[in-house]
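Residues per chain are reported as follows:
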Amino acid sequence: MADLPDIARLRTDIERIDTEIMDALRRRMNLADDIARTKVADASPLRDPPREDLVLHRVREVATAHGLDPHEIERIYRIIMDMSVARQQALIQRLDTTPLRVGYPGIEGSYSHLAARQRYKGRSGGVLLTGLETGREVLEALRRGALDLALLPIENTSAGSMNETYDLLAEGGAVIIGELVSQVDHRLLGLPGSRLEEVRTVLSHPQAISQCEAFLRKVPWIRALPEYDTSAAALKVRERNDPTVAAIASESAAQRFGLEVLVRDIQPSSGNYTRFVEVSREAAPIPADAHCKTSLMVVLEHKPGTLGQVLTALSQRGVNLAKLESRPIPGQPWRYRFYLDLEGHAADAPLVAALQDLQPLTSSMRLLGTYPRVEGLHE
């Protein structure tokens with residue numbers, strides 16, 4: 001029988017390898033610090049679940065190739081990734097300037113995420129972006145103080161108003177402090193090598209499906225199914241690995257999840273734009289020279305001609321009505337709230353007088369916010 005290796009030497013070898021593992025972990029954590037700084041400067045989310053899923057998938061493949069248990073290795077790497085996120089959070093808390101915490105509905109690569117990056121990238125002090133599944137989750141996080149700002153889509157040039165956002169604003173606890181208009185360029189995304197003729201199902205957010213209705217009528221063999229987010233739809237196409245399933249999403253989502261653009265620009269040819277509102281718990285200062293917009297929510301007295309009186313009162317005071325939207329009042333059949341976007345600052349004399357005129361015509365009236373308006377949006 002051959003002599004067995006000396007156990008003391010084996011333990012020394014294990015300790016040496018343990019030291020190498022610790023050194024590798026230290027280097028990995030140092031890289032996590034660099035990633036945190038980059039994300040803050042680049043307005044990217046701190047936690048990125050789709051990216052984490054891709055890492056875990058690669059880890060399982062490498063573990064299998066090395067003869068290791070892929071499930072146990074995945075469990076270890078989940079702990080390592082949690083350590084990395086905790087380290088990034090700790091670093092951010094130590095920064096001289098606390099980054100602005102901004103939430104949006106969707107995941108990285110969604111149109112809300114792209115709009116948030118457009119708005120906040122390069123901000124002095126940095127930005128921490130957080131994508132949540134729904135607008136309600138975003139506003140709830142804002143109200144409880146987990147976020148400083150929320151960016152919510154409120155209307156689209158092709159599909160009209162985002163009713164959920166109006167309903168959420170009606171609940172209170174938040175005020176509009178800004179607006180942003182972002183161009184939306186929809187792509188039909190599929191697996192690499194797939195063809196349009198193969199596709200039988202397309203996944204996307206209901207608004208994106210509505211915005212691409214004209215295109216979908218031209219491909220009647222494709223059935224559209226709703227997803228909570230365009231980028232999440234793209235991720236699902238990648239995960240299903242089925243050439244008959246496609247997504248309506250952005251070019252960014254295609255690059256992110258390794259998908260191929262099957263058809264470009266499937267939105268209306270005249271252009272497709274989404275207006276977002278920036279929401280905070282409190283009003284924000286406005287530059288003196290800013291052209292402003294004031295958003296208002298009213299419930300009118302239930303009398304004939306009241307809405308006409310409201311419009312007349314605004315006209316007589318020289319206040320331009322930029323938008324009028326109605327939404328049903330929960331629990332009150334056939335009663336409606338009205339949302340008005342008025343040009344001007346709520347403290348301007350014409351608007352002050354107009355709001356006083358409206359008071360006796362309403363059973364409730366609430367200012368949703370005064371904020372700088374995007375020039376050219378209403379031309």
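Residues numbered from 1 in each chain as written. Predicted model: local features only at pLDDT ≥ 70, side-chain atom pairs only at ≥ 80, totals over all residues. Heavy atoms only, no water.

A. Seen up close, the nonpolar core. Ranked by size, the top nonpolar core spans 20 residues in total, and within it Leu-139, Leu-142, Ala-150, Leu-152 and Val-279 carry the most contacts. Counting only elements with at least two residues in this core, the list comes to α5 (135–143), β3 (149–156), α6 (163–170), β11 (273–280) and β15 (362–372). Ignoring any residue separated from it by four or fewer positions in sequence, one finds Leu-142 in contact with Leu-147, Asp-148, Leu-149, Ala-150, Ala-174, Val-279, Ser-280 and Arg-281. Judged by nonpolar contacts, the second largest core, of 16 residues, contains Leu-189, Ala-232, Val-245 and Ala-253. (Core = buried A, V, L, I, M, F, W, Y, C linked by side-chain atoms within 4.5 Å. Buried < 20%, exposed > 50% of the residue type's maximum accessible area, 1.4 Å probe, protein only. Helix = DSSP H or I, 4+ residues; strand = E, 2+ residues; numbered from the N terminus. Contact = heavy atoms within 4.5 Å.)

B. Broad picture of the pattern of salt bridges. Considering all chains together, one arrives at 29 salt bridges under this definition. Taking the shortest distance from any N to any O, the salt bridge between Asp-167 and Arg-327 comes out at 2.7 Å. Of this pair, Asp-167 sits in helix α6 while Arg-327 sits in strand β13 (residues 321–328), and the two are 160 residues apart along the sequence. Each of Glu-155, Glu-179, Arg-275, Lys-293, Lys-323, Glu-325 and Asp-341 takes part in one network of salt bridges that share partners. (Salt bridge = Lys/Arg side-chain N within 4 Å of Asp/Glu carboxyl O.)

C. Just the sheet that holds strand β8 (residues 223–226), in detail. An order of β8-β7-β9-β6-β10 is seen for the 5 strands of this open sheet, with the pairing classed as mixed. With partners counted over all chains shown, the strands left at the sheet margins are β8 and β10 (260–263), one partner each. Strand-to-strand, the axes of this sheet are offset by a mean angle of 35°, without reference to chain direction. Relative to strand β9 (residues 245–249), strand β6 (residues 187–190) is paired through 3 bridges, and the arrangement is antiparallel. Residue Arg-187 lies in a different strand from β9, and its bridge partner there is Ala-249. With respect to the sheet, helix α9 (residues 230–240) is in contact with β6, β7 (201–204) and β9, its orientation differing from that of β9 by roughly 160°. (Pairing = 2+ DSSP bridges. Axes fitted to C-alpha atoms, helices over the stretch in contact; angles between N-to-C directions.)

D. Quick peek at the side chain of Thr-165. With respect to the helices, strands and loops of the structure, Thr-165 is situated in helix α6. Given a relative accessible area of 4%, Thr-165 falls into the buried group. Once residues within four sequence positions are removed from consideration, Thr-165 is found in contact with Leu-152, Pro-153, Ile-154 and Val-277.

E. Structural detail: the environment of Ala-65. Positionally, Ala-65 belongs in helix α2 (residues 49–65). Residues Ala-65 and Leu-355 lie 290 residues apart in sequence; the distance between their C-alpha atoms is 71 Å.

F. Structural view of unusual backbone geometry. A positive phi angle is found at Asp-265, which is not glycine, with a value near 45°. Mapped onto the elements of the fold, Asp-265 is located in the loop between β10 and β11. For Asp-265, a relative accessible area of 45% puts it in the partly exposed group.

G. Main features of the side chain of Ser-231. Mapped onto the elements, Ser-231 comes out in helix α9. For Ser-231, a relative accessible area of 0% translates into the label buried. A polar contact is formed between the side chain of Ser-231 and the backbone oxygen of Glu-108, at a distance of 2.8 Å. Apart from the residues within four sequence positions on either side, Ser-231 is in contact with Ile-107, Glu-108, Gly-109, Ser-110, Ala-253 and Phe-257. (Polar contact = N/O pair within 3.5 Å; in protein donor to acceptor, adjacent residues only side chain to side chain.)

Taken by themselves, the reported measurements are silent on function.
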